[in-house]
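Observations on the model geometry
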Amino acid sequence: MSKYLTEFIGTFFLVLTIGLSVLAPHGAGMIAPLAIGSVLMVLVYMGGHISGAHYNPAISLAMLIRGKIGVTDMCIYIIAQVIAAMAAAGVAHFIMGRPYIVPPADIADHYAKAMAVEILYTFALALVILNVATSKRTEGNSYYGLAIGFTITAAAFVGGGISGGAYNPAVGLGPAVFDALTGGTSIKHVWLYIVGPCIGAALAAGVFRVQSPGAHA
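Quick look at the structure, then. (Residues numbered from 1 in each chain as written. Predicted model: local features only at pLDDT ≥ 70, side-chain atom pairs only at ≥ 80, totals over all residues. Heavy atoms only, no water.)

1. A short note on the packing of helix H1 (residues 2–23) against helix H2 (residues 32–47)
Closest axis-to-axis distance for the H1/H2 pair is 9 Å, and the angle between their directions is 170°. Classified by the angle their axes make, H1 and H2 are roughly antiparallel. Side by side, H1 and H2 meet where Thr-6, Ile-9, Gly-10, Phe-13, Leu-14, Thr-17, Ile-18, Ser-21 and Val-22 of the first sit next to Ala-32, Ala-35, Ile-36, Val-39, Leu-40, Leu-43, Met-46 and Gly-47 of the second. Partitioning the contact of H1 with H2 into residue classes produces 12 nonpolar, five polar and no charged. (Axes fitted to C-alpha atoms, helices over the stretch in contact; angles between N-to-C directions. Helix = DSSP H or I, 4+ residues; strand = E, 2+ residues; numbered from the N terminus. Parallel < 35°, antiparallel > 145°, perpendicular 65-115°, else oblique. Contact = heavy atoms within 4.5 Å. Nonpolar A, V, L, I, M, F, W, Y, C, P; charged D, E, K, R; others polar.)

Set out below in structure tokens:
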């Protein structure tokens, strides 16, 4: 039970930080990636030894392919992550007085550019996580949280203006579902944040197997 609770708490504060920093007034949203990467870093250190600190259904999928978790755990992790994201979106709405959503920018013609960004940077995130947090060759390192946090910081800076910078189905789905429940229409973009990150994470798990052919759970 502790690992499911940890996934809920970690995802909640990750999505809440995303929502509050993006909605922040006076241009504070311009440095939102620093807040997002920082909170992910500390949350990874908080929960890594308990649940693995996924906070992301795409990462849970990569861990399933890697052999670090089973199907049942993956499903419960994803349920906890999505519910936490919805709750965080609700709290962000309450605090800021307006909804937080993750829409792709207009530059994403037919979603192709947005999809490419979501695939590529989720691939990078998952590959970093697999190598720093699951490889026997880096076992016991103290930098895994930093590596993961800085990866998402960079990804948010470079991709946020193109795809919305989710790299996480819970980040895309939770706020969109809450928005839909309150009359919004952002749910129409959700498939982008499910398909793209899951493709990227699955590709990363495949590349990790090539990088570490003798790796096993």
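2. What to know about the packing of helix H3 (residues 57–66) against helix H4 (residues 71–96)
At their nearest, the axes of H3 and H4 sit 9 Å apart, and the two run at 175° to each other. By the criterion of interaxial angle, the relationship of H3 to H4 is roughly antiparallel. Only Val-71, Met-74, Tyr-77, Ile-78 and Gln-81 of H4 make contact with H3, whose side of the interface consists of Pro-57, Ser-60, Leu-61 and Leu-64. Looking at the contact of H3 with H4, its residues break down into seven nonpolar, two polar and no charged.

3. Considerations on the pattern of salt bridges
Tallied over the full model, the rule gives one salt bridge. Residue Asp-73 is joined to Lys-3 by a salt bridge in which the shortest nitrogen-to-oxygen separation is 2.9 Å. With Asp-73 in helix H4 and Lys-3 in helix H1, this pair connects stretches of sequence that are 70 residues apart. For Asp-73, a relative accessible area of 18% translates into the label buried. (Salt bridge = Lys/Arg side-chain N within 4 Å of Asp/Glu carboxyl O. Buried < 20%, exposed > 50% of the residue type's maximum accessible area, 1.4 Å probe, protein only.)

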